[in-house]
Amino acid sequence: MSGTVNRVILIGRLGKDPEVRYTQDGTGVVNFSLATDETFTDRAGDKQTRTEWHKVVAWKRLGEIAGEFLTKGKQVYIEGALRSHKWKDRDDNQRTSVEVVASRLVMLSSKSGARQETSAPEVNSHSGGQNATGIAEPPLDEDVPF
């Protein structure tokens, strides 16, 4: 097999409200943290939960929709690709950060907190690197609860 794949699929809850910003040319970008949990039994037979935090970024219309509809605690399905960034901090130490660049987003919680997968809008973007274009697909039912 000669190809490679960089695909991430996450279902989790937002750790805080999304941070919406705009670049100098007016491109929307939103950042948020997403928590995923793993439950396992340790050697002593006790149930343990491990939480992993993920940095997520969404660009253009996808980011604008995420900023408008997502809030802390909401459950969301994210598809995207991993991107790493390297930089030097103030003390000249090499640092690395990894984030998920979202290309698809499905809201699994309504504003009331109830899980409503069938009526939640689904948003896709065409992967074009950081400046992915978000395209909203209209819900099937026009009486959307949010």
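Quick look at the structure, then. (Residues numbered from 1 in each chain as written. Predicted model: local features only at pLDDT ≥ 70, side-chain atom pairs only at ≥ 80, totals over all residues. Heavy atoms only, no water.)

**Considering the overall build of the chain**
Here comes step 1: Scanning the chain for helices and strands turns up 1 helix and 8 strands.
Here comes step 2: The N-to-C order of helical and strand elements in the chain reads β-β-β-β-α-β-β-β-β.
Here comes step 3: Relative to its 146 residues, the chain shows a buried fraction of 36%.
Here comes step 4: Put simply, 54% of the contacts in the chain that link residues at least 6 apart link residues at least 24 apart.
Here comes step 5: When the accessible area of the chain is evaluated, it comes to approximately 9500 Å², of which 45% is carbon and sulfur surface. (Helix = DSSP H or I, 4+ residues; strand = E, 2+ residues; numbered from the N terminus. Buried < 20%, exposed > 50% of the residue type's maximum accessible area, 1.4 Å probe, protein only. Contact = heavy atoms within 4.5 Å. Areas by Shrake-Rupley, 256 points an atom, 1.4 Å probe, with all protein chains shown as cover.)

**As for the pairing of strand β6 (residues 94-107)**
Here comes step 1: Taken together, the 2 bridges between strand β4 (residues 47-59) and β6 define a ladder with parallel strand orientation. Bridging from a neighbouring strand, V56 pairs with V100 of β6.
Here comes step 2: Sheet topology places strand β5 (residues 75-88) next to β6; 13 bridges connect them, and they run antiparallel. Among the inter-strand pairings, R83 is bridged to a residue of β6, identified as E99.
Here comes step 3: Taken together, β5 and the strand that follows it, β6, pair antiparallel across an intervening segment of 5 residues, in which D92 is found at a positive phi of about 65°. (Pairing = 2+ DSSP bridges.)

**Side note on the environment of E38**
Here comes step 1: Positionally, E38 belongs in strand β3 (residues 28-41).
Here comes step 2: Along the chain, E38 and T51 lie 13 residues apart, while their C-alpha atoms are 6.4 Å from each other.

**Re helix α1 (residues 60-69)**
Here comes step 1: Of the positions making up α1, those classed as buried are L62, G63, I65 and A66. Down the axis of α1, the sector holding all buried residues measures 165°, keeping them to one side. (Arc of directions from axis to C-beta.)

**Quick word on the nonpolar core**
Here comes step 1: Membership of the largest hydrophobic core comes to 18 residues, with the highest contact counts inside it found for F32, L34, V56, L70, V76, I78 and L105.
Here comes step 2: Where this core is concerned, the elements lending two or more residues are β1 (8-14), β3, β4, α1, β5 and β6.
Here comes step 3: For this core, the element with the highest residue contribution is β6, accounting for 4 residues. (Core = buried A, V, L, I, M, F, W, Y, C linked by side-chain atoms within 4.5 Å.)

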